[in-house]
Amino acid sequence: MTAPTTLGTHVEVRDLVVRFKNRTALEGLDLNLDAGVHGLLGPNGAGKTTLMRVLGTIARPTSGQVAVLGHDLGNQRALRDVRRRLGYLPQHFGYYPRFTVREFVEYFAWLKEMPSASIPLAVDRAIERVGLADRADDRLKRLSGGMLRRAGIAQAIVNDPDLLLLDEPTAGLDPEQRVDFRHLLRAIGVDACVLVATHLVEDVAVACTEVSLVNGGRTVFRGTPDELAAAGEHAPDGELNSGDSPIERGYTAVLRADRAR
Amino acid sequence: MTWHVARPTILAYVDGDAAEADAWSIEAHVTDCERCRTELAAAAADDPALAADLAASRTALLAGLPPQGRIRRGSPARGLRILLASGPAARGPWLLATLMVLALAIGLDLASSGAGLLGSTAPVLVLLAPLLPVLGVAASYGSGLDDAHEIIATTAAGGLRLLLIRTTAVLAVTVPATIAAGLVTGLAWSATWLVPGLALTTLTLLGGTVVGVTRAAALVGGGWALVVAVDVISETTIALLTGPATPAWLAVFGLSAAALVLRRAAFNHLPTSIRPHSEA
């Protein structure tokens, strides 16, 4: 374990715009994240995956400022330093079916340029933390969807990242695994910044210390899960289909208010 | 968190001079407060006595761990094996194709006694061998083919470094195989078909910085096929395929390798053509 190397803000995004050829994914988004577990909510097409890719240093902003772990991503050395301290799990991740779980995680430990002496222990610890220790030497093609997802999480956390980006990490996990996973997130979020993009509002309510809601490429809400739930209390009576739990009602209310603008 | 530990108190705590009540209060506070924890760690970072203490307890802790069971020892050999085993599934078919093309070239050259085919005077091996590493590079790095490319792109070693390692692996297969094929057909070792292969490989990588490795391989391969077609149709061996052209191919190799180093930053990001599969 190394001492935390980031003081204060892990992610600082100002007026971020990302445009593809025929579509604008992010339209002036602002976001500041410190250590802790942050939820990123939003409807499909809101720009969550694009934001994750920008923070994961693989998509370039069209304009705006992005600082990750205190670095501007412009120069080669800073980029490399940031990438060593990054954990990333995309929503759809490919894997090599003939690799064992251990080889898969080891491979990414190597790609993240961890010192080779520390790799074996770190790999084992990561596999243990996601609860795959008994399957560590099984080939990936023999694992179920939920186990694959956990192997993906293991590669993301193997280098004790200072910034952990997880896109829909609970897809395919059963309820018990989701509970374990939330514990893991909270443990990592003590020192690191964890950003979880999800459409499962209840995951956010339980695991996250803060929630950002993205709609139409902008941040439309930022606060604690309780504050999001409170936003739903003032919804006009008689409004139907606004959700079953307080936080779902809050989510719907904020979105509807934003659309009405 | 509404309050933070004052700097003098942190320094006193690190030196072991803090009052007992203060020390308790700090310890309770830092379990919840990242900022003070980081500050405390930074203040204690350059205390040699503390560092020695930590190193000693770490050693003791590691010595006392239970046997590691199935943990694999890290070794360069294991690292290399995993590195080479990883990569797109397209590499298996490419390896097969390489062997088949070489076998075909050997067969045709033996049948025509090295005199060429279809009016071309160049041996078939000279025409086909330079394409093999180009296809290999496309098969082992093209981002559409590597399943894990999106995670790999976020890692420190995932750009040019990984590409060069995979290219080296491709060359480590094609170069000996081509030389062996040359020996079998009796052409013996000749730079005529090795150097163009290297030059086309670096050209592909350089093109990859602009249009992506897969497309660059298609362009370079297409260009080479055009040269071969002209050669076959014109019924004279064109200069590009003969021994005297070797220095020119060497120059292409050197220049494209240098340009590749200058343009290495292009491998830092996903190609812009790759969009989210489905925004969720």
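This section reports on the structure supplied with the text. (Residues numbered from 1 in each chain as written. Chains lettered and ligands numbered in written order. Predicted model: local features only at pLDDT ≥ 70, side-chain atom pairs only at ≥ 80, totals over all residues. Heavy atoms only, no water.)

### Re the sheet that holds strand β2 (residues 24–33) of chain A
Residue and element names in this part refer to chain A.
Next up, step 1: An order of β2-β1-β4-β5 is seen for the 4 strands of this open sheet, with the pairing classed as antiparallel. Pairing within the sheet leaves two strands with one partner each, and these edge strands are β2 and β5 (71–72).
Next up, step 2: Examined bridge by bridge, strand β1 (residues 11–19) and β2 share 7 bridges and lie antiparallel to one another. Residue pairing for β2: V13 is matched across the bridge by L31.
Next up, step 3: Across the sheet, helix α1 (residues 48–55) touches β1, β2 and β4 (63–68), and the angle it forms with β1 is around 120°. (Pairing = 2+ DSSP bridges. Helix = DSSP H or I, 4+ residues; strand = E, 2+ residues; numbered from the N terminus. Contact = heavy atoms within 4.5 Å. Axes fitted to C-alpha atoms, helices over the stretch in contact; angles between N-to-C directions.)

### Some thoughts on the packing of aromatic side chains
Next up, step 1: Counted according to the given criterion, the structure contains 5 aromatic pairs over all chains.
Next up, step 2: Ring pairing ties together the aromatic residues F93(A), F99(A), F104(A), Y107(A) and F108(A), which thus form one cluster. (Phe/Tyr/Trp six-rings, centres within 6.5 Å; stacked < 30°, edge-to-face > 60°.)

### Side note on the environment of V254(A)
All names here are of chain A.
Next up, step 1: Relative to the helices and strands, V254 resides in helix α9 (residues 246–260).
Next up, step 2: Between the alpha carbons of V254 and A231 there is a distance of 6.9 Å; along the sequence they are 23 residues apart.
Next up, step 3: Apart from the residues within four sequence positions on either side, V254 is in contact with L213, V220, F221, L228 and A231.

### A few points about the nonpolar core
All names here are of chain A.
Next up, step 1: Judged by nonpolar contacts, the single largest core of 61 residues is most densely connected at V105, Y107 and L166.
Next up, step 2: The residues contacting L166, other than those within four sequence positions of it, are M52, L89, A156, F181, L185, V194, L195, V196 and A197.
Next up, step 3: Counting residues in each nonpolar core, the second largest holds 33 residues, with A25, L55, L73 and C193 among its members. (Core = buried A, V, L, I, M, F, W, Y, C linked by side-chain atoms within 4.5 Å. Buried < 20%, exposed > 50% of the residue type's maximum accessible area, 1.4 Å probe, protein only.)

### Concerning the environment of G217(A)
Residues and elements named next belong to chain A.
Next up, step 1: The topology assignment puts G217 in the loop between β9 (210–215) and β10 (218–223).
Next up, step 2: Using a relative accessible area of 0% as the deciding quantity, one classes G217 as buried.
Next up, step 3: Taking the C-alpha atoms as reference points, G217 and D30, separated by 187 residues in sequence, lie 9.9 Å from one another.

### Quick look at helix α10 (residues 160–185) of chain B
Next up, step 1: Taking 1.5 Å as the rise per residue, α10(B) with 26 residues should run 38 Å; its terminal C-alpha atoms sit 36 Å apart, in good agreement.
Next up, step 2: Every buried residue of α10(B) is listed here: L160(B), L162(B), L163(B), R166(B), T167(B), V170(B), T174(B), A177(B), T178(B), A181(B), G182(B) and T185(B). (Expected span 1.5 Å × (residues − 1).)

### Section: the sheet that holds strand β3 (residues 36–41) of chain A
Residues and elements named next belong to chain A.
Next up, step 1: Ordered in space as β6-β7-β8-β3-β9-β10, the 6 strands form an open sheet in which the pairing is mixed. Only two strands of the sheet have a single neighbouring strand rather than two, namely β6 (86–89) and β10. Strand-to-strand twist in this sheet, taken as the mean axis angle between neighbours without regard to direction, amounts to 15°.
Next up, step 2: The pairing of β3 with β9 spans 4 bridges and is parallel. Paired with G39 across the two strands is V211, which belongs to β9.
Next up, step 3: Seen against the sheet, helix α5 (residues 145–157) touches β6 and β7 (163–167) and runs at an angle of roughly 165° to β6.

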